[in-house]
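# Fold and contact review
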Amino acid sequence: MPSRRVVYFSLFIGALAVLDGIYLAKNPEVYEELKSMSLKYFNKAKRSVSNVIKVVKPGKSVILSAEELKEYTGGEGSKGLYLAMLGNVFDVSAGARHYGPGGGYDFFAGKDGTRGYVTGDFTEKGLIDDISDFTPDQALQAKSWLDFYHKDYTYVGKLQGRYYDKDGNPTAELAKVEALIAKGEEEKKSSEEEKKKFPPCNSEWSQKDGGRVWCSKKSGGVERDWIGVPRKLYKPGSTQSRCACVRTTGPPSNDPNSKDHTNTGDLNNPNLKEYDNCNPTENSCRLPK
């Protein structure tokens, strides 16, 4: 049981609080001033605590060095499970069964192994961030992986090094890679347009009969209202070719509104060549064994 002195003191404090409440209710300007002072000291204390424990707000971008990133491999004593792609750091904890210790892709954790994603070289020499010798198409493949991680995992921040400086600003090396990616996107668009114009042929091969290429209204995965005939299609300046189905009627694709044409479609394109020993009007050609 509390002593009588404690009870009297508690009653006194309660009565004082009631009187203070009545006074503040009748004097709102005093109440607002006290409220402002309280918030001021509360925020000051909050900032002091934040500075001591280095609180990072959710979603705040951070900058890690390569050495710091090594501490995020998901193993015992690790700070988490991160990986980097083209200098962008992602938290892949949601995919721990893949990227964590013992997972099928655990070699990507704690580093930027951009090169390995495209080349398939998962050795120490292959798991690096240098893709300066990549073709535009390879750079575009790397970009597709970057898009994948942005879509499926949590973005953390930047990796200081090849692609970003200590302040998180892009480097000249990143500008080169972005130029490669842009060129890759242009080439991809051009390739898709060419594929619609000259759809790939169907093909088959057997040891007994050799090879055969042929055209249909769905060959090459391109649906259309014409079949076409097989031709070798060369890129300008190249000695390599692929089989393409070529439209045989109407105006040429590069001048679809022409009224003065030979009604031979794209057969007169200079990058096309007929297959040897094949009727040029047939939609199927046998290839030598």
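Glancing now at the nonpolar core. For soluble globular proteins, nonpolar side chains are generally found buried alongside one another. Counting 26 residues, the largest nonpolar core has Leu86, Val92, Tyr99 and Tyr149 as the members making the most contacts within it. Broken down by secondary-structure element, the contributors of at least two residues to this core are strand 2 (82-85), helix 5 (114-119), helix 6 (136-152) and helix 7 (172-197). What Val92 contacts, discounting residues up to four positions off in sequence, is Leu81, Tyr82, Leu83, Tyr99, Tyr149 and Tyr153. Within the second largest apolar cluster, 9 residues are counted, among which are Cys215, Cys245, Tyr275 and Cys278.

Another aspect to go through is the pairing of strand 2. Taking every second residue as pointing to the same face, both faces of strand 2 are buried, with Tyr82 and Ala84 on one and Leu83 and Met85 on the other. Summarising the sheet, strand 2 and strand 3 (residues 88-91) pair through 4 bridges and their orientation is antiparallel. Looking across to strand 3, one finds that Leu83 is bridged to Phe90.

Across the sheet, 3 strands lie side by side as 8-7-9; this open sheet has antiparallel pairing. Where the open sheet ends on each side, the last strands, each with one partner, are strand 8 (241-246) and strand 9 (272-273). As defined by bridge partners, strand 7 (residues 229-234) adjoins strand 8 across 6 bridges and the pair is classed as antiparallel. Counterpart to Val229 in the pairing with strand 8 is Val246.

Another point: the state of the cysteines. Using the criterion set out here, one finds 3 disulfides in the structure. Here Cys215 is linked by a disulfide to Cys245, with a sulfur-sulfur distance of 2.2 Å. The S-S bond linking Cys215 to Cys245 shows a torsion near -105°; that makes this disulfide left-handed. Placement of the pair is Cys215 in the loop between strand 6 (210-214) and strand 7 and Cys245 in strand 8, with a sequence separation of 30 residues. Using a relative accessible area of 0% as the deciding quantity, one classes Cys245 as buried. The side chain of Cys278 participates in a disulfide bridge whose partner is Cys285; the two sulfur atoms lie 1.9 Å from each other. Between Cys278 and Cys285, the S-S torsion sits near -75°, and that sign places the bridge as left-handed. Taking relative accessible area as the criterion, Cys278 reaches 13% and is therefore assigned buried. For the chain, the disulfide bridges join cysteines in the arrangement 1-3, 2-4, 5-6, where the cysteines are counted in sequence order.

Let us now look at the side chain of Thr114. By secondary structure assignment, the location of Thr114 is in helix 5. A distance of 2.5 Å separates a polar atom in the side chain of Thr114 from a polar atom in the side chain of Asp112. Setting aside residues no more than four positions away along its own chain, Thr114 makes contact with Ala84, Met85, Leu86, Ile128, Asp129, Ile131 and Ala142.

What follows deals with the packing of aromatic side chains. The description of an aromatic ring pair rests on the distance of the ring centres and on the angle between the ring planes. All told, the structure shown has 19 aromatic pairs when counted by the stated rule. Positioned over the ring face of Trp214 is Arg212, at 3.9 Å from the centre of the ring. The ring of Trp226 is capped by Arg224, whose NZ or CZ atom sits 4.7 Å from the centre of that ring.

This paragraph deals with the sheet that holds strand 3. Pairing within the open sheet is mixed, and its 4 strands lie in the order 1-4-3-2. Edge strands, defined here as strands with exactly one partner in the open sheet, are strand 1 (62-64) and strand 2. Direction aside, the axes of adjacent strands within the sheet are offset by 40° on average. Two elements, strand 1 and strand 4 (residues 154-159), share 3 bridges in a ladder whose sense is parallel. Paired with Val62 across the two strands is Gly157, which belongs to strand 4.

Another point: the confidence of the model for the chain. Any segment with low pLDDT has predicted coordinates that should not be analysed in fine detail. Scored by pLDDT, the chain has a mean of 86; 79% of the residues are at 70 or more. Scored below 50 in pLDDT, residues 11-19 shows 0 contacts in the model against residues more than four places distant or in partner chains. Within the model, the stretch residues 41-58 combines pLDDT values under 50 with 2 contacts to residues more than four positions away or in other chains.

This part is about unusual backbone geometry. Positioned with a positive phi, Asn263 is a non-glycine residue whose angle comes to about 55°. In this fold, Asn263 is placed in the loop between strand 8 and strand 9. Overall, Asn263 belongs to the partly exposed group, its relative accessible area being 45%. Although it is not a glycine, Asn277 sits at a positive phi angle of roughly 55°. Position of Asn277 relative to the elements: it lies in the loop between strand 9 and strand 10 (284-287).

Reading guide: rules and limits
Residues numbered from 1 in each chain as written. Predicted model: local features only at pLDDT ≥ 70, side-chain atom pairs only at ≥ 80, totals over all residues. Heavy atoms only, no water. Core = buried A, V, L, I, M, F, W, Y, C linked by side-chain atoms within 4.5 Å. Buried < 20%, exposed > 50% of the residue type's maximum accessible area, 1.4 Å probe, protein only. Helix = DSSP H or I, 4+ residues; strand = E, 2+ residues; numbered from the N terminus. Contact = heavy atoms within 4.5 Å. Pairing = 2+ DSSP bridges. Disulfide = S-S within 2.5 Å. Polar contact = N/O pair within 3.5 Å; in protein donor to acceptor, adjacent residues only side chain to side chain. Phe/Tyr/Trp six-rings, centres within 6.5 Å; stacked < 30°, edge-to-face > 60°. Lys NZ or Arg CZ within 6 Å of the ring centre and 35° of its normal. Axes fitted to C-alpha atoms, helices over the stretch in contact; angles between N-to-C directions. pLDDT = per-residue confidence, 0-100.

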